[in-house]
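Chain residues, written in single-letter form:
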Amino acid sequence: MPRLYFDHNATTPLLPAAASALSEASFGNPSSLHWAGREARSRIEDTRETLAKWLGVGASEIVFTSGGTEADNLALLGAAASGKLPGRHIVAAAFEHPAVLEPVRKLESEGWTVTWLQADGDGLVSAGAVAAALRPDTSLATIMAANNETGALQPVAEIGALLRAKGIVFHCDAVQALGKADVKPRLWQADYAALSAHKINGPKGVGALYVRKGAPMQGLHLGGPQERQTRGGTENV
């Protein structure tokens, strides 16, 4: 009896084209100056340009990570660690993925105050609900683009416009929306947007974080100067 796979919201099969790209990737260290390193660096930067064009952002605003979880952690904990957020109050949707819930809870345990927003009957958090939760010391908000359980698409563009007008940093977990909805961080006025390759038939262990130019950020991986000193460590070509 054939087995049928219907769990693409969790992960997707690797496309042959993606598997071919993996097998053809240079073995060189992208930080090396010899030919193998330069070839690897070229592949990474070409991909960065392609992804940036797809998202409608600048290539320098793309940071490659090990997946969506790391991207979410880097955005939230990196913003908090930057020392550039004026307040210590966070607004977050209570139905976020654990990749967002856990770093926010970590900040909460470290003295940050969090207002958890519940979904309405349609599984949504409205811009009005976000506005009602804001305080003078609110400096960070995180609302996902698409829910990983219900598929509900949040009004992130409306929320982003509200937050930008008030100077509040906006993080959006766009992992579940990628490939299914139009992911445009600039139109959403998001400061950070997390992405993951395995949701769109790419390999597991590869992700990216959009970091708006000028957004508060402190790298969490100490080591080399990779990814513009935001994520130390040899890149996964």
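Residues numbered from 1 in each chain as written. Predicted model: local features only at pLDDT ≥ 70, side-chain atom pairs only at ≥ 80, totals over all residues. Heavy atoms only, no water.

## Concerning the overall build of the protein chain
Logical step 1: Within the protein chain one finds eight helices and seven strands.
Logical step 2: Relative to a compact globule of 237 residues, whose C-alpha radius of gyration would be 18 Å, the protein chain shows 18 Å and is just as compact.
Logical step 3: On the principal axes, the C-alpha backbone points of the protein chain span a range of 55 × 50 × 30 Å.
Logical step 4: Across the protein chain, the fraction of contacts at a sequence separation of at least 24, relative to all contacts at a separation of at least 6, is 64%.
Logical step 5: Carbon and sulfur atoms form 55% of the exposed surface of the protein chain, whose accessible area is close to 11,600 Å².
Logical step 6: Distance from the positive charge centre (22 side chains) to the negative charge centre (23 side chains) of the protein chain: 5 Å. (Helix = DSSP H or I, 4+ residues; strand = E, 2+ residues; numbered from the N terminus. Rg over C-alpha atoms; globule rule 2.2 N^0.38 Å. Contact = heavy atoms within 4.5 Å. Areas by Shrake-Rupley, 256 points an atom, 1.4 Å probe, with all protein chains shown as cover. Lys, Arg positive; Asp, Glu negative; His and termini not counted. Charge placed at Lys NZ, Arg CZ, Asp CG, Glu CD.)

## Structural notes on the layout of surface pockets
Logical step 1: Taken as a whole, the largest pocket encloses approximately 860 Å³ of empty space.
Logical step 2: Going through the elements one at a time, helix H1 (16-24), helix H2 (35-55), strand S1 (62-65), strand S6 (192-196) and strand S7 (207-211) are the ones with two or more residues in the lining of the largest pocket.
Logical step 3: When residues in the lining of the largest pocket are grouped by element, the largest group, seven residues, is from H2.
Logical step 4: A breakdown of the residues in the lining of the largest pocket according to their chemical character gives 16 nonpolar, ten polar and six charged. (1 Å grid on protein atoms, 1.4 Å probe; cavity = no way out; pocket = protein on both sides within 12 Å on 5 of 7 lines; lining within 4 Å. Points joined across faces, edges and corners; volume = space filled by probe spheres on them. Nonpolar A, V, L, I, M, F, W, Y, C, P; charged D, E, K, R; others polar.)

## Observations concerning the pattern of salt bridges
Logical step 1: Following the criterion strictly, the structure yields twelve salt bridges and no others.
Logical step 2: Several salt bridges share partner residues, and in doing so they unite Arg41, Glu45, Arg48, Glu227 and Glu235 into one network. (Salt bridge = Lys/Arg side-chain N within 4 Å of Asp/Glu carboxyl O.)

## Points about the sheet that holds S1
Logical step 1: One open sheet holds the seven strands; their spatial order is S1-S7-S6-S5-S4-S2-S3, and the pairing between them is mixed. In this open sheet, the two strands that pair with only one neighbour each are S1 and strand S3 (113-117). Neighbour to neighbour, the strand axes of the sheet diverge by 20 degrees on average, direction disregarded.
Logical step 2: Pairing analysis gives five bridges linking strand S2 (residues 89-93) to S3, with the strands arranged parallel. Among the inter-strand pairings, valine 91 is bridged to a residue of S3, identified as threonine 115.
Logical step 3: Contacts from H2 reach S1, S6 and S7 within the one sheet, and its direction differs from that of S1 by about 120 degrees. (Pairing = 2+ DSSP bridges. Axes fitted to C-alpha atoms, helices over the stretch in contact; angles between N-to-C directions.)

## Here we look at the pairing of strand S4 (residues 138-142)
Logical step 1: Burial within S4 is extensive, with five of its five residues counted as buried.
Logical step 2: Viewed along the sheet, the connection from S4 through helix H6 (residues 156-165) into strand S5 (residues 169-173) turns out right-handed. (Buried < 20%, exposed > 50% of the residue type's maximum accessible area, 1.4 Å probe, protein only. Right-handed = clockwise from strand over helix to strand, strands pointing away.)

## Some thoughts on the pairing of S1
Logical step 1: On S1, burial covers both faces: Ile62 and Phe64 on one face and Val63 and Thr65 on the other are all buried.
Logical step 2: Note: S1 against S7, four bridges, orientation antiparallel. Looking at the pairing, phenylalanine 64 lines up with alanine 208 of S7.

## Description of the environment of alanine 161
Logical step 1: Note that alanine 161 resides in helix H6.
Logical step 2: Judged by its relative accessible area of 32%, alanine 161 falls in the partly exposed class.
Logical step 3: Through-space distance from the C-alpha of alanine 161 to that of alanine 127 is 9.1 Å; in sequence the pair is 34 residues apart.
Logical step 4: With sequence-adjacent residues up to four places away left out, alanine 161 is seen in contact with Trp188 and Gln189.

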